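Results of the structural survey
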Amino acid sequence: QSTPSQGVDMSTEIEPSKNTIQFFILLLCPTSRVFELIEISAADTPRNESTIHDILNLIPQKCTDERLVDKRYVGFVRPSDRVDFLDLQAKAFGEEVVNEEEGRDYWPSLNAIHEKDVLVAILEDYSGYQMSKISKPIVRNSKFRKMIRR
């Protein structure tokens, strides 16, 4: 006869494994001057499989503003270093590295999405440079930066 375990709090959040990642995507509309920050959590993005196309496909599921959800996005830019993510078939999170002593891990390159990144979705007919420049007042705002550090 089994007894229920005592003292185990099942409501605590499970720590993401090395096979998952968490980051943010900033959606902007320069003409209507609206923006939304969406969080992509560990459950949304299996690290070893996701492509840039897979990440783009998460936008309609996560976005709540109708003015932004219907836009056509063609990739991402990381405003901190202006790296563009435009190859839709590219692996989103870099390559897996296997070390016999330490097991599997991921080696993030410059051309990979990193943990806690803030990416800006690139609108059709805009360049990554343009979207990065448009996002600058938002991503440099102290309240915004404090919010994403939580």
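First, a word on what this report is: a plain description of the structure on this page.

Concerning the sheet that holds strand S3 (residues 73-78)
Spatial ordering of the open sheet is given by S2-S1-S7-S3-S4, a layout of five strands whose pairing is mixed. Of all strands in the sheet, those with a lone pairing partner are strand S2 (34-40) and strand S4 (83-85), marking the two edges. For this sheet, the mean inter-axis angle between neighbouring strands, taken without regard to orientation, is 30°. Bridge count for S3 against strand S7 (residues 118-123) is four bridges, and the pairing is antiparallel. Counted as the bridge partner of Tyr 73 is Leu 123 from S7. Across the sheet, helix H1 (residues 52-62) touches strand S1 (23-29), S2, S3, S4 and S7, and the angle it forms with S3 is around 105°.

Digging into the nonpolar core
Formed by 37 residues in total, the largest nonpolar core has its most connected members in Phe 23, Ile 25, Leu 27, Ile 55, Ile 59, Phe 76 and Ile 113. Counting only elements with at least two residues in this core, the list comes to S1, S2, H1, S3, S4, S7, helix H3 (128-139) and helix H4 (142-148). Residue contributions to this core peak at seven residues, all from S1. Excluding anything up to four places from it in sequence, Phe 23 contacts Ile 38, Glu 39, Ile 40, Thr 45, Ile 55, Phe 93, Ile 113, His 114, Lys 116, Asp 117 and Leu 119.

A word on a positive patch on the surface
Among the surface-exposed residues, Arg 82, Lys 133, Arg 140, Arg 145, Lys 146, Arg 149 and Arg 150 lie close enough to one another that they form a single positively charged patch. With respect to the helices and strands, the residue Arg 140 is situated in the loop between H3 and H4.

A word on H3
Here H3 has its buried residues at Gly 128, Met 131, Ser 132, Ser 135, Ile 138 and Val 139. Along the axis of H3, the buried positions cluster into a sector of 100°, meaning they face one direction only. Exposed and oriented more than 90 degrees from the buried face of H3 are Lys 133 and Pro 137. Contact partners of the buried residues in H3: S1, S2, S3, S4, S7 and H4.

Some thoughts on the pairing of S2
Both faces of the sheet carry side chains from a regular strand, because those side chains alternate between them. Alternating positions in S2 separate cleanly, Val 34, Glu 36, Ile 38 and Ile 40 being buried on one face and Phe 35, Leu 37 and Glu 39 remaining unburied on the opposite face. Note: S1 against S2, seven bridges, orientation antiparallel. What sits directly across from Phe 23, in S2, is Ile 40. Joining the antiparallel neighbours S1 and S2 is a turn of four residues, in which Arg 33 adopts a positive phi near 60°.

Rules behind the numbers
- Residues numbered from 1 in each chain as written.
- Predicted model: local features only at pLDDT ≥ 70, side-chain atom pairs only at ≥ 80, totals over all residues.
- Heavy atoms only, no water.
- Pairing = 2+ DSSP bridges.
- Helix = DSSP H or I, 4+ residues; strand = E, 2+ residues; numbered from the N terminus.
- Axes fitted to C-alpha atoms, helices over the stretch in contact; angles between N-to-C directions.
- Contact = heavy atoms within 4.5 Å.
- Core = buried A, V, L, I, M, F, W, Y, C linked by side-chain atoms within 4.5 Å.
- Buried < 20%, exposed > 50% of the residue type's maximum accessible area, 1.4 Å probe, protein only.
- Patch = residues over 30% accessible without salt bridge, like charges linked within 9 Å, V, L, I, M, F, W, Y side chains within 5 Å.
- Areas by Shrake-Rupley, 256 points an atom, 1.4 Å probe, with all protein chains shown as cover.
- Salt bridge = Lys/Arg side-chain N within 4 Å of Asp/Glu carboxyl O.
- Lys, Arg positive; Asp, Glu negative; His and termini not counted.
- Charge placed at Lys NZ, Arg CZ, Asp CG, Glu CD.
- Arc of directions from axis to C-beta.

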